Amino acid sequence: AQSVTQPDIHITVSEGASLELRCNYSYGATPYLFWYVQSPGQGLQLLLKYFSGDTLVQGIKGFEAEFKRSQSSFNLRKPSVHWSDAAEYFCAVGAAGGSEKLVFGKGTKLTVNP
Amino acid sequence: DTEVTQTPKHLVMGMTNKKSLKCEQHMGHRAMYWYKQKAKKPPELMFVYSYEKLSINESVPSRFSPECPNSSLLNLHLHALQPEDSALYLCASSQDGTGVGNTIYFGEGSWLTVV
């Protein structure tokens, strides 16, 4: 079964600084990887996804993520954070081969200081 | 258009009430999901409908009863809930239920408070 670890529970950055949120997964085959963002009181919005191909994927709101198979990682990055990026970020892994279950990490809360 | 619409956005119900949460999508998706999310936790899968048939029930108590009237609609009927059932209930959908390369799209959620 697949699993996801987000090592950082809470990260604080200053507005305009760069951001990297870590995600490590465990899965025996090619994973399908996702990053979702959840603003307070809201549902989950898909930021980006990786299924295959280019290991650097671009998403919405200026985010990107890089799939590194050797490190079992799928870290999310943004070169310059905006105050509106403050939210909870969830990494998730979906299994191939017929599973409908998406396994989420515990989330990383991002605080942005002015 | 990747929109999943949930109603109501907020619901307060007593422990003896019967209420329903509703979800609708018009993306032609054939798989629909209910997730439960407690504060400061990730979403937890409750039910999956694939081609209008219940395909996954994650051992959810019977006081939660899902229904999929057609491929665009998903309901969650609530009866005799407990205060600990208070949470954000998220509906989601994906193209089909195979999970292969599927992206799951979420609604804004329904906040449920049981008093």
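Predicted model, so just to flag it, every value in this text is computed and none were measured.

(A) Quick look at the sheet that holds strand 1 (residues 4-7) of chain B. All names here are of chain B. The sheet built from four strands is open, its strands ordered 1-3-8-7 with antiparallel pairing. Because the sheet does not close on itself, it has two edges, and the strands there are strand 1 and strand 7 (64-70). Direction aside, neighbouring strands of the sheet carry axes that sit 20° apart on average. As defined by bridge partners, strand 7 adjoins strand 8 (residues 73-79) across five bridges and the pair is classed as antiparallel. Following the sheet pairing, asparagine 70 is matched in strand 8 by leucine 73.

(B) Inspection of the pattern of salt bridges at higher detail. In the structure shown here, the tally under the stated rule is seven salt bridges over all chains. Its salt-bridge partner being Lys78(A), residue Asp85(A) comes within 2.8 Å of it at the nearest N-O pair. A single burial state applies to Asp85(A) and to Lys78(A), both of which are buried. One salt bridge in this structure joins Arg63(B) and Asp85(B), with 2.7 Å as the shortest N-O distance. Of this pair, Arg63(B) sits in the loop between strand 6 (53-57) and strand 7 while Asp85(B) sits in the loop between strand 8 and strand 9 (87-94), and the two are 22 residues apart along the sequence. The network of salt bridges with common partners includes Glu64(A), Glu66(A) and Arg77(A).

(C) Up close: the state of the cysteines. Applying the stated criterion to the full structure yields two disulfides over all chains. There is a disulfide in this structure between Cys23(A) and Cys91(A), and the S-S distance comes to 2.0 Å. Between Cys23(A) and Cys91(A), the disulfide has an S-S torsion of -65° and is therefore left-handed. A residue pair is termed long-range when its members are at least 10 positions apart, and Cys23(A) in the loop between strand 3 (19-21) and strand 4 (24-26) and Cys91(A) in strand 10 (residues 87-94) qualify at 68 residues. Like Cys23(A), the residue Cys91(A) is buried in the burial classification. The side chain of Cys23(B) participates in a disulfide bridge whose partner is Cys91(B); the two sulfur atoms lie 1.9 Å from each other. What sets the handedness of the Cys23(B) and Cys91(B) disulfide is the S-S torsion sign, and at about -75° it is left-handed. Highlighted residues: Cys23(B) in strand 3 (residues 18-25) and Cys91(B) in strand 9, separated in sequence by 68 residues. Judged by relative accessible area, which is 2%, Cys23(B) ranks as buried.

(D) Structural detail: the pairing of strand 8 of chain B. Residues and elements named next belong to chain B. Alignment of strand 3 against strand 8, held across seven bridges, turns out to be antiparallel. Counterpart to lysine 22 in the pairing with strand 8 is asparagine 75. In this structure, the hairpin formed by strand 7 and strand 8 is closed by a connection of two residues.

(E) Up close: unusual backbone geometry. Residue Pro8(B) is bonded to the preceding Thr7(B) through a cis peptide linkage, with omega at -10°. As for its placement among the helices and strands, Pro8(B) is situated in the loop between strand 1 and strand 2 (10-13). For Ser72(A), which is not glycine, the phi dihedral falls at a positive 50°. Within the secondary structure, Ser72(A) sits in the loop between strand 8 (64-68) and strand 9 (73-78). Exposure remark for Ser72(A): the relative accessible area of 26% places this residue in the partly exposed category. If you check the backbone angles, Tyr51(B) has positive phi at about 50° while not being a glycine. Within the secondary structure layout, Tyr51(B) lies in the loop between strand 5 (44-50) and strand 6. The class of Tyr51(B) is partly exposed, set by a relative accessible area of 43%.

Definitions and limits used
Residues numbered from 1 in each chain as written. Chains lettered and ligands numbered in written order. Predicted model: local features only at pLDDT ≥ 70, side-chain atom pairs only at ≥ 80, totals over all residues. Heavy atoms only, no water. Pairing = 2+ DSSP bridges. Helix = DSSP H or I, 4+ residues; strand = E, 2+ residues; numbered from the N terminus. Axes fitted to C-alpha atoms, helices over the stretch in contact; angles between N-to-C directions. Salt bridge = Lys/Arg side-chain N within 4 Å of Asp/Glu carboxyl O. Buried < 20%, exposed > 50% of the residue type's maximum accessible area, 1.4 Å probe, protein only. Disulfide = S-S within 2.5 Å.

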